[in-house]
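So the chains spell out like this:
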Amino acid sequence: MPKKHRVLVVDDEESITYLVKTELEDLPEFEVDTALSGSDAINLIQSKVYDVVLLDVKMPRIGGVEVLKYIKEHAPTTQVIILTNVVDVKTAIETTKLGAYDYVSKPYETAELLATVRRALEHKTLVIDKEVNQLGRPDELIGECRVFKDVVNKAMKLASSEAFVLIQGASGTGKELFARLVHQHSTRKDQPFIAVNCAAMPDQLLESELFGHEKGSFTSAIKTKQGLVEVADGGTLFLDEVGDISITTQPKLLRFLETGEFRRVGGTSSRTVDVRVVSATNKNLQEEVKASRFREDLLYRLNVVSLRLPDLKERKEDIPLLVENFLSRKTKTKHLSPEAFQVLMSYDWPGNVRELEHVIEGAVALSHSDSIETKDLWMNVALNVQSSAASTPLPLPAAEKLMKIDELEKVYIEQALKHHRWNRVKTAATLGITPKTLYLKIKRYKIQVPTMDSPDE
Ligand SMILES: Nc1ncnc2c1ncn2[C@@H]1O[C@H](COP(=O)(O)OP(=O)(O)OP(=O)(O)O)[C@@H](O)[C@H]1O
Ligand SMILES: [Mg+2]
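**Student:** Looking at this structure, I do not really get the site of ligand 1. What am I missing?
**Tutor:** The environment of ligand 1 is made up of 20 residues, and the closest members are Ile 142, Gly 172, Lys 175, Arg 354 and Glu 357. In the environment of ligand 1, an oxygen atom lies 3.1 Å from a nitrogen or oxygen atom belonging to the backbone of Gly 174. A distance of 2.7 Å separates an oxygen atom of ligand 1 from a polar side-chain atom of Glu 357. In the complex, 88% of the free accessible area of ligand 1, which totals 630 Å², lies under the protein chains. Every element with two or more residues in the shell around ligand 1 is listed here: helix H7 (175-184), helix H13 (319-330) and helix H15 (352-366). Its residues assigned to classes, the shell around ligand 1 comprises 8 nonpolar, 5 polar and 7 charged. Each of domain 2 (146-308) and domain 3 (312-383) gives at least three residues to the shell around ligand 1.

**Student:** Please clarify how the nonpolar core should be interpreted in this entry.
**Tutor:** A general trend in soluble globular proteins is that nonpolar side chains are found buried together. With 32 residues, the main nonpolar core has Leu 237, Leu 239 and Phe 256 as its most contacted residues. Of all elements in the fold, only strand E7 (193-197), helix H8 (203-211), helix H9 (228-231), strand E10 (236-240), helix H10 (250-259), helix H11 (285-290) and helix H12 (296-302) reach the threshold of two or more residues within this core. Sorting elements by how many residues they give to this core places H10 first, with 4 residues. In this structure, Phe 256 is in contact with Phe 211, Val 229, Leu 237, Glu 261, Phe 262, Val 273 and Val 275, ignoring residues within four places of it in sequence.

**Student:** Where do I start with empty space enclosed by the protein in this structure?
**Tutor:** Vacant regions in the atomic arrangement are exposed by a probe of water-molecule size rolled over the atoms. Under the defined criterion, the tally for this structure stands at 1 cavity of 30 Å³ or more. Approximately 30 Å³ is the volume found for the largest cavity. Its residues assigned to classes, the lining of the largest cavity comprises 4 nonpolar, 1 polar and 3 charged.

**Student:** Any chance you could explain the side chain of Arg 264 here in plain terms?
**Tutor:** Within the fold, Arg 264 resides in the loop between strand E11 (261-263) and strand E12 (270-272). A polar atom in the side chain of Arg 264 sits 2.4 Å from the backbone oxygen of His 74. Discounting residues that sit within four places of it in the chain, Arg 264 has contacts with His 74, Phe 211, Gly 212, His 213, Glu 214, Thr 224, Lys 225, Gln 226, Glu 230 and Arg 271.

**Student:** Explain the packing of helix H6 (residues 146-159) against H7 to me, please; I cannot follow it from the model alone.
**Tutor:** Between two packed helices, what matters for the description is the angle formed by their axes and the separation of those axes. Packing of H6 against H7 brings their axes to within 8 Å, and their N-to-C directions diverge by 40°. In the packing of H6 onto H7, the handedness of the crossing is right-handed. Along its contact with H6, which presents Phe 148, Val 151, Val 152, Ala 155, Met 156, Leu 158 and Ala 159, the element H7 presents Phe 178, Leu 181 and Val 182. Looking at the contact of H6 with H7 residue by residue, the class counts come to 10 nonpolar, no polar and no charged.

**Student:** Would you mind showing me how to read the packing of aromatic side chains here?
**Tutor:** Aromatic rings in a pair are described by how distant their centres are and how their planes are angled relative to each other. Inspection of every chain in the model, using the stated rule, returns 6 aromatic pairs. Relative to Phe 256, the ring of Phe 211 has its centre 5.5 Å away and its plane inclined at 65°; by these criteria the two rings are edge-to-face. With a gap of 45 residues between them, Phe 211 in helix H8 and Phe 256 in helix H10 connect regions that are remote in the sequence. The interplanar angle of 85° and the centroid separation of 6.0 Å between the aromatic rings of Phe 256 and Phe 262 together place this pair among those described as edge-to-face. Of the aromatic side chains, those joined through ring pairs into one cluster are Phe 211, Phe 256 and Phe 262. Its end group placed over the ring of Phe 148, Arg 315 keeps NZ or CZ at 3.9 Å from the ring centre.

**Student:** What exactly am I supposed to notice about the sheet that holds E7 here?
**Tutor:** Backbone-to-backbone hydrogen bonds pair the strands of a sheet. The strands run either parallel or antiparallel. Within the open sheet, the 5 strands sit side by side as E7-E10-E13-E6-E14. Their pairing is parallel. Edge positions in the sheet fall to E7 and strand E14 (305-308), since each has one partner strand and no second. Going from strand to strand, the sheet's axes swing by 20° on average, the running direction of each strand aside. Alignment of strand E6 (residues 165-168) against E14, held across 4 bridges, turns out to be parallel. Paired with Val 165 across the strands is Val 305, a residue of E14. Contacts between H6 and the sheet are confined to E6, strand E13 (276-281) and E14, with E14 contributing the most and set at about 155° to the helix.

**Student:** Just checking my understanding: could you explain the pairing of E10 for this structure?
**Tutor:** The side chains of a regular strand alternate between the sheet's two faces. Most of E10 is tucked away, with 5 of its 5 residues classed as buried. What you see with E10 is no split at all: Thr 236, Phe 238 and Asp 240 on one side and Leu 237 and Leu 239 on the other are buried throughout. Note: E7 against E10, 5 bridges, orientation parallel. Within E10, the position partnered with Phe 193 by the bridge is Thr 236. Inspection of the sheet shows E10 paired to E13 by 4 bridges, in the parallel sense.

**Student:** Help me understand unusual backbone geometry, please; the structure alone is not making it clear to me.
**Tutor:** Excluding glycine, residues mostly have negative phi values, and the peptide bonds linking residues are mostly trans. In this structure, Pro 107 follows Lys 106 across a cis peptide bond, with omega equal to -5°. Summarising the element assignment, Pro 107 is placed in the loop between strand E5 (102-106) and helix H5 (110-132). Its identity as a non-glycine residue notwithstanding, Arg 61 has a phi of 55°, on the positive side. Along the chain, the position of Arg 61 falls in the loop between strand E3 (52-56) and helix H3 (64-74). Given the relative accessible area of 75%, Arg 61 is considered exposed. Residue Trp 349 is not a glycine yet carries a positive backbone phi of 55°. Tracing the backbone through its elements, the reader meets Trp 349 in the loop between helix H14 (338-346) and H15. For Trp 349, a relative accessible area of 1% puts it in the buried group.

**Student:** What is the right way to look at the pattern of salt bridges in this model?
**Tutor:** Where charged atoms from two side chains of opposite charge approach closely, those side chains can pair. For the structure shown, the criterion picks out 29 salt bridges. Between Asp 376 and Lys 375 there is a salt bridge whose closest N-O contact spans 3.4 Å. Accessibility expressed as a relative area gives 4% for Asp 376, which makes it buried. One salt-bridge network, in which partners are shared between bridges, spans Arg 6, Glu 31, Asp 33, Lys 48 and Asp 233.

Analysis parameters
Residues numbered from 1 in each chain as written. Chains lettered and ligands numbered in written order. Predicted model: local features only at pLDDT ≥ 70, side-chain atom pairs only at ≥ 80, totals over all residues. Heavy atoms only, no water. Near = heavy atom within 4 Å. Polar contact = N/O pair within 3.5 Å; in protein donor to acceptor, adjacent residues only side chain to side chain. Areas by Shrake-Rupley, 256 points an atom, 1.4 Å probe, with all protein chains shown as cover. Helix = DSSP H or I, 4+ residues; strand = E, 2+ residues; numbered from the N terminus. Nonpolar A, V, L, I, M, F, W, Y, C, P; charged D, E, K, R; others polar. Domains from an automatic or database assignment. Core = buried A, V, L, I, M, F, W, Y, C linked by side-chain atoms within 4.5 Å. Buried < 20%, exposed > 50% of the residue type's maximum accessible area, 1.4 Å probe, protein only. Contact = heavy atoms within 4.5 Å. 1 Å grid on protein atoms, 1.4 Å probe; cavity = no way out; pocket = protein on both sides within 12 Å on 5 of 7 lines; lining within 4 Å. Points joined across faces, edges and corners; volume = space filled by probe spheres on them. Axes fitted to C-alpha atoms, helices over the stretch in contact; angles between N-to-C directions. Left-handed = near helix turned anticlockwise from the far one by under 90°. Phe/Tyr/Trp six-rings, centres within 6.5 Å; stacked < 30°, edge-to-face > 60°. Lys NZ or Arg CZ within 6 Å of the ring centre and 35° of its normal. Pairing = 2+ DSSP bridges. Salt bridge = Lys/Arg side-chain N within 4 Å of Asp/Glu carboxyl O.

Now the structure itself:
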């Protein structure tokens with residue numbers, strides 16, 4: 001059963017609120033609350049997220065315009081439809097300038113009212129898509145081998161349940177694609193899918209992104225902001241890199257996951273939303289728990305069911321299919337030479353599918369003829385071919401842990417040297433520099449070379 005649309009009807013005439021409520025609730029998709037005054041309305045809006053508010057303009061004390069302004073500031077994605085008397089149409093038009101979606105004049109036609117509500121709901125989805133811009137194209141998950149198919153089938157099966165899902169897998173294995181897959185096959189598929197990258201932000205920012213903040217709650221909080229949990233209401237909240245949430249923010253997230261309740265930063269009232277949480281991490285959370293960096297109770301909450309994505313090297317039989325797909329996205333004529341293909345098959349792919357995708361894209365751009373050769377593959381395959389000693393991958397860390405070019409060069413040279421068993425001539429040739437340059441770099445980076453004086457010089 002998909003989530004119902006939440007509607008609030010505000011009018012000081014009880015006969016009106018009663019009528020609208022009964023008419024809308026005749027339809028299975030609506031759930032309607034009513035308020036008989038502006039202040040009642042504001043109280044309700046503080047504690048609940050509405051999709052649409054039907055709002056009378058003329059009410060004693062707090063009128064519709066004030067309520068409208070309040071909504072626009074505190075719940076900007078809620079759509080407001082003004083209910084107005086025929087004589088009042090001018091005011092109604094003015095309210096659309098203040099952000100009301102539309103107006104309906106009283107006495108209204110049920111069909112007209114309903115059509116306006118439905119358009120407002122559509123508009124809301126559009127606004128959310130545009131503002132949050134998290135709904136990507138429904139990418140296709142490519143892979144035919146058993147290990148991969150098993151995970152896809154499991155994901156499809158659990159998608160329709162409401163269970164929280166934890167997706168674990170190395171970088172580039174497709175965690176985000178799986179999160180979308182779960183959403184797209186759930187009963188929430190027509191509701192928002194909102195992705196939050198928990199690693200990309202410092203604590204306070206993450207909290208205010210998730211839960212929103214009230215104006216003035218911290219220096220840069222110039223405007224009240226809705227939290228992403230509110231935007232995701234009714235849909236799926238994707239907590240990406242969840243293993244990177246700091247230990248201080250974890251209890252707040254846990255409380256929210258347990259109750260669906262949260263408070264905006266600097267806010268006084270608590271609100272409730274209904275979201276299904278799918279999270280992903282490339283960390284081993286059990287290890288993180290042991291090291292006291294991740295709360296066990298939080299892991300338990302997030303991990304009702306888990307999906308473990310295989311590394312690309314565990315499913316090398318899918319490489320041809322993946323290559324074919326990535327090639328066809330970029331070119332109609334280019335193809336891989338058999339040697340280049342062999343190279344792709346024998347590489348270890350520390351960056352998994354993402355790395356493969358990039359290598360193919362790069363190769364299409366680099367190759368001069370229709371045949372893509374080994375030299376067009378820009379990862380240094382020589383380091384990994386038939387070598388387990390050198391298969392310690394070049395680190396592909398998260399953005400904030402990226403190395404300086406110098407450090408990267410040092411690590412890279414060390415790996416190349418190890419691969420060639422410290423033979424500097426061969427290493428220099430692989431790296432495309434002269435032995436002398438290599439020698440200078442070894443000195444500069446203070447690389448410990450066991451056989452520095454080996455006879456190959
Ligand atoms: N099975 C697959 N089929 C097709 N494309 C895939 C597949 N798996 C991953 N990709 C592609 O690889 C790239 C990385 O995928 P995604 O972002 O889902 O990985 P991730 O596990 O979230 O990585 P990270 O931990 O680095 O965030 C994307 O461009 C995605 O389209
Ligand atoms: Mg990701």
